[in-house]
Amino acid sequence: MTAPLGLVRIDKRNVSLTNTCSFDAACQVIAAALSDSYSYREALDSIPEIANSIFGVAKDIATKGANKLAYRKRANILYNSFANEILAGGVHRVDCSCDCSNLMRKICTVPSVIEEVMCSSEYCANQFTERRLSVLSVVFDRAADECFRRLSGYLEDGDIEDQHLCLMELELPSDKNDVSPNAFIYDADISKKGPLCSGLTSRRARSGPHLFIEVIGSEENLPGDGGDVGVMEVVKCCLKDVRTELVYKGNNYTLRGIVTFTPPARTTDIGHFQGYARRCDSTWEVYDDLRNKISIADPKSEINIHLVLYTI
């Protein structure tokens with residue numbers, strides 16, 4: 001949880017931003033990655049649309065520090081991503097409460113994975129579709145250190161390139177005599193609207209310059225009081241046990257940072273996010289927007305892992 005840092009002027013409105021810790025934690029980790037990896041910085045520089053995104057803010061911080069331009073970009077992103085309420089005096093209050101993985105799904109302009117789905121039928125509207133995945137999710141079903149050792153396998157298991165019947169609803173040409181009977185399936189028990197596509201779909205995926213991986217606890221790792229799903233599913237792990245190198249889709253990735261989550265002490269609170277950046281000398285820097293200074297973490301420290309960042 002974070003207190004507002006003061007009013008920001010956006011489109012002639014006075015705006016107050018609160019609970020920005022999920023954005024700030026992710027942004028600081030990305031900024032550290034951009035400072036330490038030339039390959040990652042070069043890859044993002046080739047994507048024009050990052051300028052006014054969280055990656056643009058992170059780049060400004062990495063190259064120029066947390067200046068007014070970076071704060072203004074940050075304010076615009078959050079103002080346009082969350083609902084606002086008008087307070088006394090005309091101030092627009094924006095509550096940015098959101099777990100970090102869902103925030104990245106909402107605002108991330110550079111996907112971790114692009115998934116392509118193709119259908120073999122020429123009549124299918126699903127001949128080629130593309131899905132951009134900002135965040136990958138992995139369920140840790142055993143001890144965290146063991147799960148990190150198997151991380152590549154977990155990612156590949158959720159990424160099987162299989163073939164199966166499409167079964168999308170078809171809009172056939174008006175002259176159905178021109179369509180082979182093998183091109184569709186008609187089964188009133190499955191679809192009352194009409195014929196279904198009998199083409200085979202295939203799926204393939206390619207990875208981007210980074211991987212944002214949401215770590216989700218299994219039932220054994222959940223809090224005992226029936227806490228909320230998602231961010232409440234904390235996975236505890238020592239920093240030294242987090243895998244530092246990863247191969248995925250033929251690309252080599254390096255661990256750059258972790259966003260951690262501290263669950264709330266009371267049900268009326270929302271908890272707090274911090275960013276842990278693994279620098280090029282293997283030290284861990286801790287970014288906490290409730291503190292004025294960066295601190296250094298002991299690699300033996302146990303943390304609540306929420307989101308992990310790997311980059312090329």
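The present account deals with the structure reproduced in this document.

### Brief notes about the nonpolar core
Step number 1: Ranked by size, the top nonpolar core spans 45 residues in total, and within it F23, I30, L44, I54, F55, M104 and F212 carry the most contacts.
Step number 2: Elements represented by at least two residues in this core include exactly β2 (13-18), α1 (21-36), α2 (38-45), α3 (54-64), α4 (68-81), α5 (100-107), β15 (251-262) and β19 (302-311).
Step number 3: Sorting elements by how many residues they give to this core places α1 first, with 10 residues.
Step number 4: Those residues within four positions of I30 in sequence are excluded, and the remaining contacts are Y40, I54, F55, A58, M104, F212 and L309.
Step number 5: By size, the runner-up hydrophobic cluster in this structure holds 32 residues, among which are L136, L151, L255 and Y310.

### Observations regarding unusual backbone geometry
Step number 1: Positive phi, close to 60 degrees, is recorded for L167, a residue that is not glycine.
Step number 2: Within the secondary structure layout, L167 lies in the loop between β8 (163-165) and β9 (184-185).
Step number 3: Positive phi outside glycine occurs at S282, with the angle close to 75 degrees.
Step number 4: Note that S282 resides in the loop between β16 (272-278) and β17 (284-287).
Step number 5: Owing to a relative accessible area of 40%, S282 belongs among the partly exposed residues under this scheme.

### Thoughts on the pattern of salt bridges
Step number 1: Under the counting rule described, the total for this entry stands at 16 salt bridges.
Step number 2: Its salt-bridge partner being R105, residue E214 comes within 2.7 Å of it at the nearest N-O pair. Pair noted here: E214 is in strand β12 (residues 210-217) and R105 is in helix α5, with a separation of 109 residues, a long-range link.
Step number 3: The salt bridge involving E115 is made with R203; its shortest N-O contact spans 2.6 Å. With E115 in strand β5 (residues 113-119) and R203 in strand β11 (residues 200-207), this pair connects stretches of sequence that are 88 residues apart.
Step number 4: It is possible to trace a salt-bridge network through shared partners that takes in D141, R142, E146 and R150.

Rules behind the numbers
Residues numbered from 1 in each chain as written. Predicted model: local features only at pLDDT ≥ 70, side-chain atom pairs only at ≥ 80, totals over all residues. Heavy atoms only, no water. Core = buried A, V, L, I, M, F, W, Y, C linked by side-chain atoms within 4.5 Å. Buried < 20%, exposed > 50% of the residue type's maximum accessible area, 1.4 Å probe, protein only. Helix = DSSP H or I, 4+ residues; strand = E, 2+ residues; numbered from the N terminus. Contact = heavy atoms within 4.5 Å. Salt bridge = Lys/Arg side-chain N within 4 Å of Asp/Glu carboxyl O.

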